[in-house]
Amino acid sequence: MTELTYTEPKPKIYAGATGDWELVIGLEVHAQVASKAKLFSGASTTFGAEPNSNVALVDAGMPGMLPVINQFCVEQAIRTGLGLKAQINLTSAFDRKNYFYPDLPQGYQISQLYHPIVGEGEILVDMTPGIGRTVRVERIHLEQDAGKSIHDMDPTMSFVDLNRTGVALMEIVSKPDIRGPEEAAEYVRKLRQILRYLGTCDGNMQNGNMRADVNVSVCRPGQYEKYQATQDFSHLGTRCELKNMNSMRFIQQAIDFEAKRQIAILEDGGSIDQETRLYDPTKGETRSMRSKEEAHDYRYFPDPDLLPLVVSQDLVDEIAARQPELPDEKRTRFVTAFGMTEYDASVLTSEVESANYFEAVAEGRDGKMAANWVINELFGRLNKEGIALSESPVSAAQLGGIIDLICNGDISGKIAKDLFEIIWTEGGEPADIVEARGMKQVTDTGAIEAAVDDVINGNPAQVEKAKANPKLAGWFVGQVMKSTGGKANPQAVQAIVRTKLGLEED
Amino acid sequence: MTMTLNALTIADARDLLAKGDVTSRDLTQSCLDAISDASALNAVVTTTADMALEMADSADARIKAGDATAMTGIPLGVKDLFCVEGVRSQAASKILDGFTPRYESTVTSKLWASGAVMLGKLNMDEFGMGSATEYSVYGSTVSPWRATGSETKLTAGGSSGGSAAAVAADLCLGATGTDTGGSIRQPAAFTGTVGLRPTYGRCSRWGIIAYASSLDQAGPMTKTVRDAAIMLGAMAGHDAKDSTSADIAVPDFEAAITGDIRGKKIGIPREYRLDGLSDAIAKQWDDGAAMLRDAGAEVVDISLPHTKYALPTYYVIAPAEASSNLSRYDGVKYGHRAKLGAGDGIDDMYEKTRAEGFGTEVQRRVMLGAYVLSAGFYDAYYRKAQRVRTLIKGDFEKVFADGIDAILTPATPSPAFALGAAAEMNPVEMYLNDVFTVTLNLAGLPGISVPSGLSADGLPLGLQLIGKPWEEGDLLNTAAALEKAAGFTAKAARWW
């Protein structure tokens, strides 16, 4: 299979008063592991349950309770690591991150600071056809989510919901390889796509199942290249961390704001304080949450309640053998196997469901035609009506049936669109509908000839004009199509009209 | 007979129960009576009389039905560190004021499943931190022992001082203890009882309120070595709910006690012969070695070169883990919450609650632990301590690989001291009490304290035997030989 090749996108340039600036961005994405049970307890992870109904004793930090690793979450992390072409660490370990907060009942979060389960990997962030950057992934580690503090239900009291407490998260940490706001959003989009393909995270950003901390710094052109050559961070600017972003749009906006803020400070002769900032989407600005001096001392140390996490190479191999085809491979295959454009392949592979739908339609049919129908007719209609593909009223088999009828010459493209409309609203077998409703196009030349004769005989003046100006032949075709209710095969009509008018084929 | 049933050993009681000569109800009632007469000892902090009698009746039914285990019908006391369903379990701390778990620790549920009877909860140092059972929200436990001709109140040791006092005073036939740095063995030595700390991972920690997770281990405190073997059999076993519990079969520990220790190699570590070790303790130790030699064992000098680092290592690792384990006690979910003033925020709640809820020793260790884990100090303290821990473990592995079967040491540097003396010591002096015991916690090894004699003023002294990992049976056998040779039969003269 030929590989698609990509040219790296140009870094986004911010023109300042004192010259150009570039951005350096790294992301820490927290992805909730798709798992029915929590990382260290059997409690359910169902979203939207009654507050404090999905809480095991260990989640609530009850005295004497102990964590036990959920092996499925471990497998999900391995699956994710393999999906990002990353090294899997057969021995990893859990550490405690200590801090006080009411939604953290143990008083510490169990995480993996010193020995993460997944090491270095990479993600191809494809921006537009032919343009893409391979962003390096530094590590993925497993950790517990915290609960939810609710401060607005009572004027004097706060409430705590522990349903989310202890839910498994994967923290996916990128290297500072991202060079612009759009790239950052695309990185998250691509990561989300891969995780959804793998089934290791549902990627639901609205529910907070995927959220990102974004590290942003600015530097002069040329500095980043020095960093790349040496991996020495001193060539880069001081970074600020934008916490808890849960939308691609906000990520993009926040980075853009933050870049301009930092540039303004630097151009004013100031310096950037390393700090954690929050983005306020209503005001469109970031504001300081805590400075480096105010940063917590988390007093990390190995969790003595848990043994080192040891996985076998056999398990890794077994998971690798069951890996699904991922978006990059699928896109490449669609381009090479079906001859479609990279753009169409990207659209079709954006979700594994749409790719599967397409492949069901394309099975044994013309790939390009299938792609056109899936993208233009089906996706267009679904988007317009705001319906998910899984709820589509037209199945892959039905759409395939429509395409078959076109290819067999039973219906024209125009009739096919009517047929699509009928199936969309009423359902049914395409071939049966065409049969029952007499939608089959007329290919019987005798019948077409009779219809053409009728039009010619009824319009002698038009015949004369057409003989002088052959372009007017199209009018006869239109009249015949009209009189046959659109069912006549248009190519046949065209040919007969031209013969009868004495216009030679040219 | 009813008056003395509580003085029985577990083994004797088992045999009498099996023969139908006594009932668990009588046995239990006798213990309950002893408990109600012993309030001066302050060993039992919650008595569960109704529960005890109910459990005794079902034990009697079970014995009648021929479905008894060795522990069926045996009345026990439980250290307050164990969560017992429906019974106040607060680690002798104010911060867990009124905490009544809706779950049962694995160790106690195994004991109840074997038919043992729950008499009540026993006093201890708050969260297991202490060597005198003086740091307790319930007040100090008083040892049943007194020096000859003295009325000075003595400590029963700690942290399992309530357990030790209760066993020594015949308030129960046996008791559970936990041992993080010597909390079973030191109180046993102070009270003329037997205390066994099993191999780390032998008993599940699930449902035991954590002090230092990598060091905590539950074990039996009994009147005899045989009883310790019987009781350990009912407490031990793999538990999927504790990731650090070992999936290793539980042998018949009692059957391992054959009395034959001929050919066993007993090591005497030279590093334990500290400067200023009292003559009385040194003599006990030499006598113990001689007894084992007379019983046919080979006694050899060995070296455990990193011993001197054990105490500082312990007092880095244990507080570090404790500072984290105890951060869940924040006033949010259960137990004590400080009354807050107008305008007090969440940090005020934490600070006031923890200042009021934790005693001084717990506060000291939490702060010590937070310090050694803090940024900039982690490498110098915690990481270094972990490295030393590995070296200490290596010392033991080496001598065991060289053919040593068990190691004999004193259990404590002195006999029991007066209550209140701890308050006058500086904390480091207090911590020296653990000098002989902490090493094996760091190495995860089993150890047992066996009463070996009386001091000149009539107080019990104990010797410690350290065994190979997972070889508690062999260790108990050696301990039984020592016990037999020492012939310790003294009992505290009743003054309470």
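Because the structure is a prediction, the values reported are computed rather than measured.

Definitions and limits used
- The written sequence of each chain sets the order in which its residues are numbered from 1.
- For naming, the first written chain is A and the first written ligand is 1, with later ones following in the order written.
- Selection of residues for local features in this predicted model requires a pLDDT of at least 70, selection of side-chain atom pairs for listing and counting requires 80 or more, and totals for whole chains, interfaces and linings are taken over all residues.
- Water and hydrogen atoms were dropped before computing side-chain values, which therefore reflect all heavy atoms in the structure.
- Every helix listed is a DSSP run of H or I at least four residues long, and every strand listed is a run of E at least two residues long, numbered separately from the N terminus.
- Our radius of gyration looks at C-alpha atoms and nothing else; its globule reference is 2.2 Å times the residue count to the power 0.38.
- Only protein chains enter the area calculation, which uses a 1.4 Å probe; residues under 20% of their type maximum are buried, those over 50% are exposed, and those in between are partly exposed.
- Any two residues having at least one pair of non-hydrogen atoms within 4.5 Å are treated as being in contact.
- We get accessible surface area from the Shrake-Rupley algorithm with a probe of 1.4 Å; when it comes to residues, only the shown protein chains can shield them.
- For each domain, the first and last residues come from an automatic or database assignment.
- Salt bridge criterion: a side-chain nitrogen from Lys or Arg within 4 Å of a carboxyl oxygen from Asp or Glu.
- UniProt positions are given in the numbering used here, feature names are shortened, and annotations may be inferred rather than shown by experiment.
- Pairs of N or O atoms within 3.5 Å make up the polar contacts considered here, provided that, within protein, one atom can donate a hydrogen while the other can accept it, and that residues adjacent in sequence are counted only when both atoms are side-chain atoms.
- Among the buried residues, those of types Ala, Val, Leu, Ile, Met, Phe, Trp, Tyr and Cys that are joined through side-chain atoms within 4.5 Å form a nonpolar core.
- Here a cavity denotes grid points, spaced 1 Å and computed from the protein atoms alone, that fit a 1.4 Å probe unable to get out, and a pocket denotes an open set having protein on both sides within 12 Å along at least 5 of 7 lines; residues with an atom within 4 Å of a point are the lining.
- Grid points are joined across faces, edges and corners, and a volume is the space filled by probe spheres set on the points.
- Polarity classes work like this: nonpolar for Ala, Val, Leu, Ile, Met, Phe, Trp, Tyr, Cys and Pro, charged for Asp, Glu, Lys and Arg, and polar for all others, with Gly in that last group.
- Take the number of residues in a helix, subtract one, and multiply by 1.5 Å to get its expected span.
- Think of it this way: a Phe, Tyr or Trp ring, Trp meaning its six-membered ring, pairs with another when their centres are within 6.5 Å, and the plane angle makes it stacked under 30 degrees, edge-to-face over 60, tilted otherwise.
- Any Lys NZ or Arg CZ that is within 6 Å of a ring centre and within 35 degrees of that ring's normal is treated as a charge sitting over the ring.
- Fitted lines through C-alpha atoms give the axes, limited to the stretch in contact for helices. The angle between two N-to-C directions lies from 0 to 180 degrees.
- What sets the label is the angle itself: under 35 degrees gives roughly parallel, over 145 gives roughly antiparallel, 65 to 115 gives roughly perpendicular, and the rest give oblique.
- Crossings are sorted by hand: turned counterclockwise from the far helix by less than a right angle, the near helix makes the crossing left-handed, and turned clockwise it makes it right-handed.
- Two parts lose some accessible area (1.4 Å probe) when they are put together, and adding that loss for both gives the buried area.
- Any two strands are treated as partners once DSSP identifies two or more bridges connecting them.
- The directions considered for the arc run from the helix axis to the C-beta atoms.

Our focus in this paragraph is the overall build of chain A. For chain A, the helix and strand inventory stands at 16 helices and 16 strands. Against the globule reference of 23 Å for 506 residues, chain A gives a C-alpha radius of gyration of 30 Å, more extended than a compact globule. Its C-alpha atoms give chain A principal-axis dimensions of about 95 × 55 × 55 Å. Within chain A, buried positions represent 52% of all 506 residues. Sequence-distant contacts, at least 24 apart, represent 70% of the contacts inside chain A between residues at least 6 apart. Summed over its atoms, the accessible surface of chain A is roughly 22900 Å², and 51% of this surface lies on carbon and sulfur atoms.

Turning our attention to the domain arrangement of chain A. Considered domain by domain, chain A is made up of domain 1 (27–216 + 289–320), domain 2 (325–436) and domain 3 (445–500). For domain 1 of chain A and domain 3 of chain A, the distance between their C-alpha centres works out to 69 Å.

What follows concerns the pattern of salt bridges. All names here are of chain A. Counted by the stated rule, this structure contains 65 salt bridges over all chains. Taking the shortest distance from any N to any O, the salt bridge between Asp303 and Arg96 comes out at 3.2 Å. Of this pair, Asp303 sits in the loop between β15 (301–302) and β16 (309–310) while Arg96 sits in strand β4 (residues 95–98), and the two are 207 residues apart along the sequence. Of the two residues, Asp303 and Arg96, neither departs from the other in class, the shared state being buried.

Moving on, we get to the UniProt feature "active site" (unreviewed entry) in chain B. Residue and element names in this part refer to chain B. Here, the residues flagged by UniProt with the feature "active site" (unreviewed entry) are Lys79, Ser159 and Ser183. A maximum C-alpha distance of 11.1 Å places the annotated residues, which cover 105 residues in sequence, within one compact spot. Among the structural elements, Ser159 can be located in the loop between β3 (117–122) and α5 (161–168). Engagement of the side chain of Ser159 in a polar contact is seen with the side chain of Lys79, the distance being 2.8 Å.

Here the focus is the nonpolar core. The biggest cluster of nonpolar side chains holds 166 residues, and the ones touching the most others in it are Met71, Leu111, Phe127, Leu171, Phe396, Leu408 and Ile448 of chain B. Apart from the residues within four sequence positions on either side, Met71 of chain B is in contact with Ile10, Leu76, Leu111, Ser114, Gly115, Ala116, Ile230, Met231 and Ala234 of chain B. Within the second largest apolar cluster, 102 residues are counted, among which are Val118, Ala362, Ala371 and Ala416 of chain A.

Before going further, it helps to examine empty space enclosed by the protein. All chains considered together, the criterion is met by 4 cavities of 30 Å³ or more. The volume enclosed by the largest cavity comes to roughly 120 Å³. Lining the largest cavity are 15 residues, with Gly64 and Leu66 of chain A together with Arg205, Ile208 and Ala210 of chain B positioned closest to its centre. Looking at the lining of the largest cavity, its residues break down into 7 nonpolar, 4 polar and 4 charged.

Once that is clear, we can look at the environment of Ser303 of chain B. All names here are of chain B. Secondary-structure assignment places Ser303 in the loop between β8 (298–302) and α9 (310–325). Take Ser303: its relative accessible area is 26%, and that puts it in the partly exposed class. For the pair Ser303 and Ala486, spaced 183 residues apart in sequence, the C-alpha to C-alpha distance is 26 Å. Looking at Ser303, its side chain comes within polar contact range of the side chain of Glu271, at 2.5 Å.

Here the focus is helix α4 (residues 248–267) of chain A. Residues and elements named next belong to chain A. Spanning 20 residues, α4 covers 29 Å between terminal C-alpha atoms, matching the ideal 28 Å at 1.5 Å per step. By the burial criterion, the buried members of α4 are Ile251, Ala254, Ile255, Asp256, Glu258, Ala259, Arg261, Gln262 and Ile263. Structurally, the start of α4 carries an N-cap: the backbone nitrogen of Arg249 is 3.2 Å from a side-chain oxygen of Ser247. Of the residues one or two after α4, Gly269 is the one with positive phi, at around 85°.

A separate point is unusual backbone geometry. Ser159 of chain B follows Gly158 of chain B through a cis peptide bond whose omega is 5°. You will see that Asn52 of chain A, though not glycine, has its phi angle at about 60°, which is positive. You can see Asn52 of chain A is positioned in the loop between β2 (19–32) and α1 (71–83). Classification of Asn52 of chain A by relative accessible area gives partly exposed; the value is 38%. At Ala91 of chain B, a position not held by glycine, the phi torsion is positive, near 50°. Its location among the elements puts Ala91 of chain B in the loop between β2 (75–79) and α4 (106–113). Since its relative accessible area comes to 0%, Ala91 of chain B is described here as buried.

Scanning the entire structure with this criterion turns up 31 aromatic pairs over all chains. Where Trp475 of chain A meets Phe476 of chain A, the ring centres are 5.1 Å apart and the plane angle is 90°; that geometry is what we call edge-to-face. We classify Phe476 of chain A as buried; its relative accessible area is 2%. In this structure an aromatic cluster arises from ring pairing among Phe99, Phe127, Tyr329, Tyr334 and Phe358 of chain B. The cationic tip of Arg179 of chain A hangs over the ring face of Tyr224 of chain A; the distance from NZ or CZ to the ring centre is 4.0 Å.

Here we take up the packing of helix α7 (residues 342–349) of chain A against helix α9 (residues 367–385) of chain A. All names here are of chain A. Their axes nearest at 10 Å, the elements α7 and α9 cross at an angle of 60°. One element, α7, and the other, α9, form an angle in the oblique class. Two packed elements cross with a definite hand, and for α7 against α9 that hand is left-handed. For the pair formed by α7 and α9, the contact residues are Asp344, Val347 and Leu348 on the first element and Ala371, Val374, Ile375 and Phe379 on the second.

Residue and element names in this part refer to chain A. One can describe the packing of helix α13 (residues 445–458) onto helix α16 (residues 490–500) by two numbers: an axis separation of 10 Å at closest approach and a directional angle of 50°. With respect to each other, α13 and α16 are oriented oblique. Considering only the axes of α13 and α16, their crossing is right-handed. Across the interface between the two elements, Thr445, Ile448, Glu449, Val452, Asp453 and Ile456 of α13 pack against Ala492, Val493, Ile496, Val497 and Lys500 of α16. For the contact of α13 with α16, a count of residues per class yields 7 nonpolar, 1 polar and 3 charged.

So, on to the side chain of Arg331 of chain A. The topology assignment puts Arg331 of chain A in helix α6 (residues 327–338). Look past the residues within four positions of Arg331 of chain A in its chain and what remains in contact with it is Leu4, Tyr6, Leu124, Asp126, Lys190, Glu342, Ala345, Ser346 and Thr349 of chain A.

Glancing now at the interface of chain A and chain B. Counting residues at the interface gives 29 residues for chain A and 38 residues for chain B. Carbon and sulfur atoms supply 59% of the area that chain A and chain B bury against each other, a total of about 2700 Å² over both sides. Of all residues in chain A, Pro63, Leu66 and Phe100 of chain A give up the largest surface area on contact with chain B, accounting jointly for 22% of the area buried on that side. Summed over the shared surface of chain A and chain B, the number is 1 salt bridge.

The feature "domain: Amidase" (unreviewed entry), as annotated in UniProt, sits at residues 26–476 of chain B in this numbering. Segment residues 26–476 of chain B splits into 36% helix and 13% strand. End C-alpha atoms: 30 Å apart.

Right, let's talk about the sheet that holds strand β5 (residues 108–111) of chain A for a bit. Taken together, the 3 strands give an open sheet; going across it, the order is β5-β4-β15 (chain A), and neighbouring strands pair in antiparallel fashion. On the outer flanks of this sheet lie β5 and β15 of chain A, each paired with one strand and no other. Across 2 bridges, the pairing between β4 of chain A and β15 of chain A is antiparallel. For Asp95 of chain A, the partnering residue across the bridge sits in β15 of chain A and is Pro302 of chain A. Set on the sheet, α9 of chain B makes contact with β4, β5 and β15 of chain A; between it and β4 of chain A the angle comes to about 60°.

All names here are of chain A. Among all positions in helix α15 (residues 473–483), only Ala473, Phe476, Val477, Val480 and Met481 are buried. Axial view of α15: buried residues confined to an arc of 135°, hence all on one face. The exposed set on the far side of α15, more than 90 degrees from its buried face, consists of Lys482 and Ser483. On its buried face, α15 sits against α13, α14 (460–468) and α16.

A word on the pairing of β5 of chain A. All names here are of chain A. Of the two faces of β5, both are covered, the one formed by Tyr108 and Ile110 as well as the one formed by Gln109 and Ser111. Pairing of β4 with β5 involves 4 bridges; the strand directions are antiparallel. Looking at the pairing, Asp95 lines up with Ser111 of β5.

A separate point is the layout of surface pockets. Here the second largest pocket defines a volume of roughly 1100 Å³. In terms of lining residues, the second largest pocket is bounded by 36 residues, among which Leu307 and Pro308 of chain A together with Ser214, Gln386 and Arg389 of chain B are the most central. Counting residues per element, the ones that place at least two in the lining of the second largest pocket are β3 (91–92) of chain A together with α12 (379–401) and α15 (438–443) of chain B. The element best represented in the lining of the second largest pocket is α12 of chain B, accounting for 9 residues. Tallied by class, residues from the lining of the second largest pocket come to 19 nonpolar, 10 polar and 7 charged.

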